[in-house]
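# An overview of the molecular structure
Given next are the chains, with one letter for each unit.
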2 protein chains.
Amino acid sequence: MSDEPVKGAEASAYDAATGAMTERLTDDWSIVVRSAHRFERFRSPFQLVEVHDTASFGKLFRLDGHFMTSEKDEFFYHENLVHLAAVTHPQPERALIIGGGDGGSAEELLKHPSMKSVTLCEIDLAVVDVARKYLQNVHRGALDDPRLTLKIEDGFAFVRRATEQYDLIVLDLTDPGGPSTPLYTADFYRTCAARLNPVAAMTLHLASPVAHPARVREGLACLREVFPIVTPYLTSVPLYGGLWMMACASSTLDPKGLFAREVDRRISQRALPHLQYYNGDMHRAALALPNFVRALTA
Amino acid sequence: MSDEPVKGAEASAYDAATGAMTERLTDDWSIVVRSAHRFERFRSPFQLVEVHDTASFGKLFRLDGHFMTSEKDEFFYHENLVHLAAVTHPQPERALIIGGGDGGSAEELLKHPSMKSVTLCEIDLAVVDVARKYLQNVHRGALDDPRLTLKIEDGFAFVRRATEQYDLIVLDLTDPGGPSTPLYTADFYRTCAARLNPVAAMTLHLASPVAHPARVREGLACLREVFPIVTPYLTSVPLYGGLWMMACASSTLDPKGLFAREVDRRISQRALPHLQYYNGDMHRAALALPNFVRALTA
């Protein structure tokens, strides 16, 4: 890690004079959030790591100049990334997270009382370090849960040599472009599929169907090369500019198989705490696709 | 109308040097879209009117420095503002739009084959003029439909002296702050309610449940003073930063009464053309509320 000045395109995403942090959705469409205070801005061996304080989002975490998550909007992303698959699974016991060093996905997985072990494989120790220091309201202690095993290593390498089988694999990755690029391939998905139990699912986020339709289409095509059941679904993430596409991929599990009432029954039976977004109605709502998204994901 | 330079807070929302147009969701959270070309920027007697060309949104229309609509994302707003109520109505024949001078809501209403008359009451002729000139892809000719009657006058005054009864009233207004401020009151809603047929509904947009929770809460409280059935629902509008709350208010009609299959049956029976968003699943999905929105709208 070093605190050297950041140059080039990344630097333009943070204006030290005004505190403006810019996330580009397209060349001419951005989300801008103003930093009230810069807690951290340093280069890890893998990426530029930042933590800022903001009025609208609380503590806000960025990697390579991209918004990752924040105290106030993390639930939009993490609850949706995890629970559609985790609730569809009748009894998830072993889960693997690739990426997700902020601990937000681990927290959601560990809400399920059947969960015996969550392995979190994060390439960048710096992410876990800043999460421990600043993002308590994102991981809520999950990084120190006795059921959590932390592996600091490359996700692809880890999955390739793994021998364990999982009920859930959660790809909680940065967008393609940085260190996560090789993890957006059918090759990687195939390697993950080999690590899934017969009744199991992998979930991941794809992109904005409005700003990045090609990424959504290509992502789903890769998944469909590998998995017989690929279920695209939608959520809204304020820091990502609104609608965001996720997917659940499996050989056996389809979130569409659960009606709202059954989802609510499982939420209640498992006593899932602190759900700010997810409920039975929202499970079904996430699976409903506007006509333009149906066309994109067909 | 004049083309004099614009000063003060409004001016800061458009940077002529870079073309950056800023929409503030909160003091520290904004959407920025870059203008590739400025077609219009002038003061009407009521507000600052702008039309820009943009790569991501096509032609983009602003009032007083706020994004109103665009060629590419107008369907998120207009389809949702109109069809949940219009499809719930068994046979809408007479509709009133307050505001909506861009013609987008009129176009959606006129898709319903039972519709005999749509009255569009817009305070600002300049809005209709720029829509006719630039926003063909928003109104698609609805402004010249023989079933449309255009009134250029204050909406409150129009509704107060009106004697007609309507099946649908659509409040397609700018956010409170500008000329629309008196139209966000229980007083105005009561005046509208008096103009509704026994089987009828009024729809309107409220605000972002994430960025403006107080506005959502106050808006629903005003509606509930007047209408026995107030149904809040959610859509996502890219230009507005994501999740956006709308509501359907009525004495008799509740969009929750329609299952997805019945919505799809009506869409097909009425042969509603060019729906890019709305379908039976999305009707139900719009009515599903995340836990934090349930708490906000309870």
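Residues numbered from 1 in each chain as written. Chains lettered and ligands numbered in written order. Predicted model: local features only at pLDDT ≥ 70, side-chain atom pairs only at ≥ 80, totals over all residues.

### Some points on the relation of the copies chain A and chain B
You can overlay chain A on chain B at an RMSD of 0.0 Å; the transform is a turn of 180° with a shift of 0.0 Å along its axis. With respect to symmetry, the two chain copies, as superposed, fit the operation of a two-fold axis. A share of 100% of the interface residues of chain A reappears at the interface of chain B, consistent with the copies meeting face to face through the same patch. (Least-squares fit on C-alpha atoms with pLDDT ≥ 70 in both. Contact = placed C-beta atoms within 7 Å.)

### Looking at the interface of chain A and chain B
How big an interface is tends to be expressed through the accessible area that disappears when the partners come together. Across the contact, 31 residues belong to chain A and 31 residues belong to chain B. If you list the elements that add at least two residues to the side of chain A that touches chain B, you get strand E3 (29-34), strand E14 (242-250), helix H10 (280-287) and helix H11 (291-297) of chain A. Per element, the largest residue contribution to the side of chain A that touches chain B is six residues, and it comes from E3 of chain A. Here the side of chain A that touches chain B is composed, by residue class, of 16 nonpolar, 10 polar and five charged. Examined bridge by bridge, E3 of chain A and strand E3 (residues 29-34) of chain B share five bridges and lie antiparallel to one another. Its bridge partner being in E3 of chain B, Ile31 of chain A is matched across the sheet by Ile31 of chain B. (Helix = DSSP H or I, 4+ residues; strand = E, 2+ residues; numbered from the N terminus. Nonpolar A, V, L, I, M, F, W, Y, C, P; charged D, E, K, R; others polar. Pairing = 2+ DSSP bridges.)

### Details of the environment of Gly100 of chain B
All names here are of chain B. Tracing the chain through its elements places Gly100 in the loop between strand E8 (94-99) and helix H3 (104-110). Taking the C-alpha atoms as reference points, Gly100 and Thr18, 82 residues apart in sequence, are found 30 Å from one another. Not counting residues within four places of it along the chain, the set of residues in contact with Gly100 comprises Ser105, Ala106, Leu120, Glu122, Val170 and Asp172.

### A closer look at the sheet that holds strand E12 (residues 196-207) of chain A
Sheet strands pair via backbone hydrogen bonds, and the direction of the pair is either parallel or antiparallel. Residues and elements named next belong to chain A. Strand order in the open sheet made by the seven strands is E10-E9-E8-E11-E12-E14-E13, with mixed pairing throughout. Each having just a single partner strand, strand E10 (148-152) and strand E13 (229-237) make up the two edges of the open sheet. Averaged over neighbouring strand pairs, the angle between their axes works out to 20° when direction is ignored. Inspection of the sheet shows E12 paired to E14 by six bridges, in the antiparallel sense. Looking across to E14, one finds that Leu204 is bridged to Ala247. (Axes fitted to C-alpha atoms, helices over the stretch in contact; angles between N-to-C directions.)

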